[in-house]
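What follows is the residue order along each chain.
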Amino acid sequence: MIARAHHPLKDGRAPAWAVAWGEDKYGAFAAFAVGPPDKPVEQRMRWIPPGTFLMGSPETELGRDGNEGPRHEVILTRGYWLGETPVTQALWVAVMGENPSRFRGERPDDLERPVEQ
């Protein structure tokens with residue numbers, strides 16, 4: 001288990017790239033935006049604090065696959081920001097300029113699907 005640790009927002013400072021930030025029951029978050037100013041695409045990031053956790057599943061776990069071990073301790077020496085969700089098709093298009101996804105939709109909300117190619 002990772003204990004709550006210092007994160008960049010504790011000092012009242014948000015990352016320079018953040019257009020929104022705060023803290024909720026899941027911890028610290030910050031969002032960045034890309035694309036045209038009249039229609040930016042935002043991606044929320046979550047702060048992953050430094051700490052220690054066990055990676056892998058116990059050998060006695062029901063349904064465990066052979067590639068899920070051996071269980072071992074992992075130490076994160078520095079915190080980092082991680083996307084809260086998979087990259088959406090909208091974010092991919094805003095950054096890369098094209099949509100490689102096979103599963104596209106017809107409506108604008110369909111761009112909120114994950115990019116999968």
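The coordinates are above.
Keep in mind that this is a model prediction, so the values were computed, not measured.

Conventions adopted
Residues numbered from 1 in each chain as written. Predicted model: local features only at pLDDT ≥ 70, side-chain atom pairs only at ≥ 80, totals over all residues. Heavy atoms only, no water. Helix = DSSP H or I, 4+ residues; strand = E, 2+ residues; numbered from the N terminus. Rg over C-alpha atoms; globule rule 2.2 N^0.38 Å. Buried < 20%, exposed > 50% of the residue type's maximum accessible area, 1.4 Å probe, protein only. Contact = heavy atoms within 4.5 Å. Areas by Shrake-Rupley, 256 points an atom, 1.4 Å probe, with all protein chains shown as cover. Patch = residues over 30% accessible without salt bridge, like charges linked within 9 Å, V, L, I, M, F, W, Y side chains within 5 Å. Salt bridge = Lys/Arg side-chain N within 4 Å of Asp/Glu carboxyl O.

## Examining the overall build of the protein chain
Here's step 1: Per the secondary structure count, the protein chain includes 1 helix and 6 strands.
Here's step 2: Ordered by position from N to C terminus, the α and β elements of the protein chain give β-β-β-β-β-β-α.
Here's step 3: Against the 2.2 N^0.38 benchmark of 13 Å for 117 residues, the protein chain shows a C-alpha radius of gyration of 18 Å, more extended than a compact globule.
Here's step 4: Structurally, the protein chain occupies a C-alpha span of about 50 × 40 × 25 Å along its principal axes.
Here's step 5: Sorting the 117 residues of the protein chain into buried and exposed places 25% on the buried side.
Here's step 6: Contacts in the protein chain between residues at least 24 apart in sequence constitute 40% of all its contacts with a sequence separation of at least 6.
Here's step 7: Total accessible area computed for the protein chain in this model is approximately 8,700 Å², and 56% of it derives from carbon and sulfur atoms.

## Focus: a nonpolar patch on the surface
Here's step 1: A grouping of Val87, Trp92, Val95 and Met96 is seen on the molecular surface, where their side chains present a nonpolar patch of about 360 Å² in accessible area.
Here's step 2: Examined against the element boundaries, methionine 96 turns out to sit in helix α1 (residues 89-96).

## Things to note about the side chain of glutamine 43
Here's step 1: When you line up the elements, glutamine 43 lands in strand β3 (residues 41-48).
Here's step 2: Judged by its relative accessible area of 6%, glutamine 43 falls in the buried class.
Here's step 3: Beyond its immediate chain neighbours, meaning those up to four positions away, glutamine 43 contacts Ala30, Ala31, Phe32, Gly83, Glu84, Thr85, Pro86 and Leu91.

## Here we look at unusual backbone geometry
Here's step 1: A cis amide bond links glycine 69 to the next residue, proline 70, at an omega of 0 degrees.
Here's step 2: If you trace the backbone, proline 70 turns up in the loop between β4 (51-55) and β5 (72-76).

## What to know about the pattern of salt bridges
Here's step 1: Evaluated as defined, the whole model comprises 4 salt bridges.
Here's step 2: In this structure, the salt-bridge partner of glutamate 84 is arginine 46, at a minimum N-O distance of 2.6 Å. Taken as a pair, glutamate 84 in the loop between β6 (80-83) and α1 and arginine 46 in strand β3 lie far apart in primary sequence, 38 residues in all.
Here's step 3: The residue aspartate 110 makes a salt bridge to arginine 113 at a minimum N-O spacing of 3.7 Å.
Here's step 4: Given the relative accessible area of 7%, aspartate 110 is considered buried.
Here's step 5: Several salt bridges share partner residues, and in doing so they unite Asp24, Arg46 and Glu84 into one network.

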